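What follows is each chain in one-letter form.
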Amino acid sequence: MTERIVLAYSGGLDTSVAIGWIGEATGAEVIAVAVDVGQGGESLETIRQRALGCGAVEAYVADASDEFADEYCMPTLKANALYQGHYPLVSAISRPVIVKHLVKAAREFGATTVAHGCTGKGNDQVRFEVGIQTLGPDLKCIAPVRDLALTRDKAIAFAEEKGLPIETTKKNPYSIDQNVWGRAVETGYLEDIWNAPTKDIYDYTATPEFPPAPDEVTISFEAGVPVAIDGVKVTPLQAIKELNRRAGAQGVGRIDVVEDRLVGIKSREIYEAPGAMALITAHKHLEDITVEREQARFKATVGQRWSELVYDGQWFSPLKRSLDAFIEDTQKYVSGDIRMTLHGGQAVVNGRRSETSLYDFDLATYDTGDTFDQSMARGFIELWGMSAKVASGRDIRVAGK
Ligand code: ARG
C-alpha cells in the first residue's frame with residue numbers, strides 16, 4: 001500500500017507546493033489538513049478545493065474555532081499568560097489544537113507521517129513535533145522546508161511549472177501567523193530591531209494616535225471565563241471576537257518585542273492581540289478582588305511558568321497539566337463584572353463588582369465606622385520584623401569582633 005502523509009495545510013503558497021513536493025520526494029500520498037482557529041480569510045471549502053487542485057488525495061477541514069477559544073484561549077486567559085511579560089502566546093496555543101486534528105486525520109486516513117510547513121529555526125516546528133510525539137508516538141514527522149530543501153524560490157518555480165491553482169506573484173515581505181487570539185508578524189524590514197513598525201503591518205488594530213471616542217465596556221466573568229459583554233450573553237469565541245473589534249478599533253493590544261526563542265535565537269516580533277489583551281487586563285483586575293493574597297502571589301509565579309511551558313511546546317506535558325489543575329482551582333470565585341475604558345491604545349479598568357469579592361469596605365475605609373482595630377498593628381509589626389531584627393543584631397555583634 002502507498003504510504004500516506006497528513007500535511008498541516010494553510011492554503012498558502014508554501015504548503016500548496018509542499019503537497020506535490022512531498023509526493024515527489026517520498027512517493028507518498030498527501031492528505032491536506034486545514035484547521036480553522038479563527039484566522040479569518042478564505043473559507044474552508046475554498047481551501048479544500050485548492051488542496052485537491054494541488055494534488056492532495058484527500059482534504060480534511062475542521063472548524064475548530066470554538067474548540068480553540070474554549071480549550072486553548074480560556075486556559076491562557078485564566079493563567080493571565082504573557083511570555084516574557086509581553087506575548088499572549090498567540091501562535092504557541094494554536095499548534096496543539098492543530099496537532100490534535102492532524103493526529104485525528106492521520107488515524108482516519110491511515111497515515112504514518114505528519115508534515116508541517118515550519119522552518120528549522122523557529123518554535124513552531126518544536127510545538128508540532130513534540131505534540132505529535134505525545135499524542136501519536138508511532139507517527140513520524142517531516143518538514144519539507146527544513147528536511148526537503150523547499151525554499152521560497154523553488155516553491156514559486158514549482159507552482160509555475162506545474163500550473164498549481166495558487167497565486168505566486170503576490171509578494172508579502174512579512175511572515176504572518178494569525179488566529180482569533182491575535183496576530184504575529186515577523187521578518188523583512190522588522191529584522192532591524194531599530195526600525196519602528198510601519199502602518200501596513202497592522203490588521204487587527206487601528207492606529208491609536210487618532211482614536212474614536214472612548215468606548216466603555218462591561219465584561220462579566222464566571223469562574224474566570226467571560227460570559228457577557230455589556231449584559232449580552234457571549235461564548236468565549238464571541239467574547240474574543242467582540243473585543244477584537246472594539247479594542248482593535250481603539251488600537252489596544254499592539255506589542256513590539258524581541259523575544260527568546262526556544263532554539264536559542266532572539267527574534268523580533270510584532271503582535272496584535274486586542275481582544276486577548278483587553279480580556280487579560282479585565283481578568284487580572286477581577287482576580288485582584290476575588291483571589292486571596294497568598295494564592296494570588298503564588299499564582300503569578302505559576303502563570304509565568306505555565307507561559308514558558310506553553311511557549312516551549314509542552315502543552316501536553318505532565319507539568320503543564322498539573323499547573324492547569326492549580327490554576328483551575330484559583331478560578332472558583334473569579335466571577336463578577338469589570339468596567340473598562342478602551343481608548344488611545346489602552347484598556348483601563350475603572351470599576352469592578354463581584355458577589356464573591358474579598359474587598360471589605362468596612363475594613364478598608366478611612367472614614368469613621370471602620371471595623372479594623374488599629375491597635376493590633378503594633379504587635380503584628382513587632383513580631384513580623386523579629387526574625388530580621390535578631391539576624392541584624394547578630395551581624396552587628398560579629399562585625400564588632
Ligand atoms: N514568535 C512567535 C512564537 O513563537 C510567533 C511565531 C509565529 N510566526 C510568524 N510567522 N510570525 O510563538
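Here the structure is a predicted model, which is why all the values come from computation and not from measurement.

Reading the values: rules and limits
- Residues numbered from 1 in each chain as written.
- Predicted model: local features only at pLDDT ≥ 70, side-chain atom pairs only at ≥ 80, totals over all residues.
- Heavy atoms only, no water.
- Helix = DSSP H or I, 4+ residues; strand = E, 2+ residues; numbered from the N terminus.
- Contact = heavy atoms within 4.5 Å.
- Near = heavy atom within 4 Å.
- Polar contact = N/O pair within 3.5 Å; in protein donor to acceptor, adjacent residues only side chain to side chain.
- Areas by Shrake-Rupley, 256 points an atom, 1.4 Å probe, with all protein chains shown as cover.
- Nonpolar A, V, L, I, M, F, W, Y, C, P; charged D, E, K, R; others polar.
- pLDDT = per-residue confidence, 0-100.
- Pairing = 2+ DSSP bridges.
- Axes fitted to C-alpha atoms, helices over the stretch in contact; angles between N-to-C directions.
- Phe/Tyr/Trp six-rings, centres within 6.5 Å; stacked < 30°, edge-to-face > 60°.
- Buried < 20%, exposed > 50% of the residue type's maximum accessible area, 1.4 Å probe, protein only.
- Patch = residues over 30% accessible without salt bridge, like charges linked within 9 Å, V, L, I, M, F, W, Y side chains within 5 Å.
- Salt bridge = Lys/Arg side-chain N within 4 Å of Asp/Glu carboxyl O.
- Lys, Arg positive; Asp, Glu negative; His and termini not counted.
- Charge placed at Lys NZ, Arg CZ, Asp CG, Glu CD.
- Disulfide = S-S within 2.5 Å.
- Core = buried A, V, L, I, M, F, W, Y, C linked by side-chain atoms within 4.5 Å.

## Description of the environment of P208
Relative to the elements of secondary structure, P208 occurs in the loop between β7 (182–186) and β8 (215–222). Setting aside residues no more than four positions away along its own chain, P208 makes contact with Q250, G251, R254, G344 and G345.

## Points about the site of the ligand
Taken together, 15 residues are adjacent to the ligand, and Y87, N123, S175, E259 and E269 come closest. R127 places a side-chain nitrogen or oxygen 2.9 Å from an oxygen atom of the ligand. Side-chain polar atom of S175 to a nitrogen atom of the ligand: 2.5 Å apart, as the coordinates give it. In the complex, 94% of the free accessible area of the ligand, which totals 340 Å², lies under the protein chains. A per-element tally of the shell around the ligand places strand β6 (residues 175–179) first, with three residues. When the residues that make up the shell around the ligand are grouped by side-chain class, the tally is six nonpolar, three polar and six charged.

## A short note on the confidence of the model for the protein chain
Chain-level pLDDT for the protein chain is 97 on average; 100% of the residues reach the 70-or-more range. Model confidence for the protein chain, summarised as mean pLDDT per element, is weakest for helix α12 (residues 361–364) at 93 and strongest for strand β9 (residues 225–229) at 99.

## Focus: the sheet that holds strand β11 (residues 254–260)
The strand order across the open sheet formed by four strands is β6-β7-β12-β11, and the pairing between neighbours is antiparallel. Of all the strands in the sheet, just β6 and β11 have a single pairing partner and so form its edges. Averaged over neighbouring strand pairs, the angle between their axes works out to 20° when direction is ignored. Of the pairings in the sheet, the one linking β7 to strand β12 (residues 266–272) comprises three bridges and is antiparallel in character. Within β12, the residue paired with A184 across the bridge is Y271.

## Notes on the packing of aromatic side chains
Under the counting rule described, the total for this entry stands at nine aromatic pairs. Ring centres of F68 and Y72 lie 6.3 Å apart, and the angle between their planes is 25°; this geometry places the pair in the stacked category. A residue pair is termed a helical-turn pair when its members lie 3 or 4 positions apart in one helix, as F68 and Y72 do in helix α3 (residues 65–78) at four residues. Comparing F68 with Y72 shows no difference in burial state: the two are buried. Considering the side-chain rings of W306 and W315, the 5.8 Å spacing of their centres and the 75° angle between planes classify their relative orientation as edge-to-face. A relative accessible area of 0% means that W306 is categorised as buried. Among the aromatic residues, those joined into a cluster by ring pairs are F68, Y72, W306 and W315.

## Remarks on a negative patch on the surface
On the surface, D63, D66, D70 and E71 cluster together into a patch of negative charge. Within the secondary structure, E71 is located in helix α3. Given the relative accessible area of 40%, E71 is considered partly exposed.

## Looking at the state of the cysteines
Disulfides are covalent bonds that link the sulfur atoms of two cysteine residues. Under the counting rule described, the total for this entry stands at zero disulfides. C73 forms no disulfide, and the closest cysteine sulfur to it belongs to C118, at a distance of 19 Å. Of the residues examined, C73 reaches a relative accessible area of 0% and is grouped as buried. For C141, which is in no disulfide, the shortest distance to another cysteine sulfur is to C118 and amounts to 10 Å.

## Quick notes on the nonpolar core
Counting 80 residues, the largest nonpolar core has L89 and W181 as its most contacted members. Top element by residues in this core is helix α4 (residues 90–109). It accounts for 11 residues. Apart from residues lying up to four places away in sequence, W181 is in contact with F68, C73, T76, L77, P88, V90, I93, I240, A273, A276, L279 and I280. Residues L13, A51, I142 and A159 belong to the second largest nonpolar core, which totals 26 residues.

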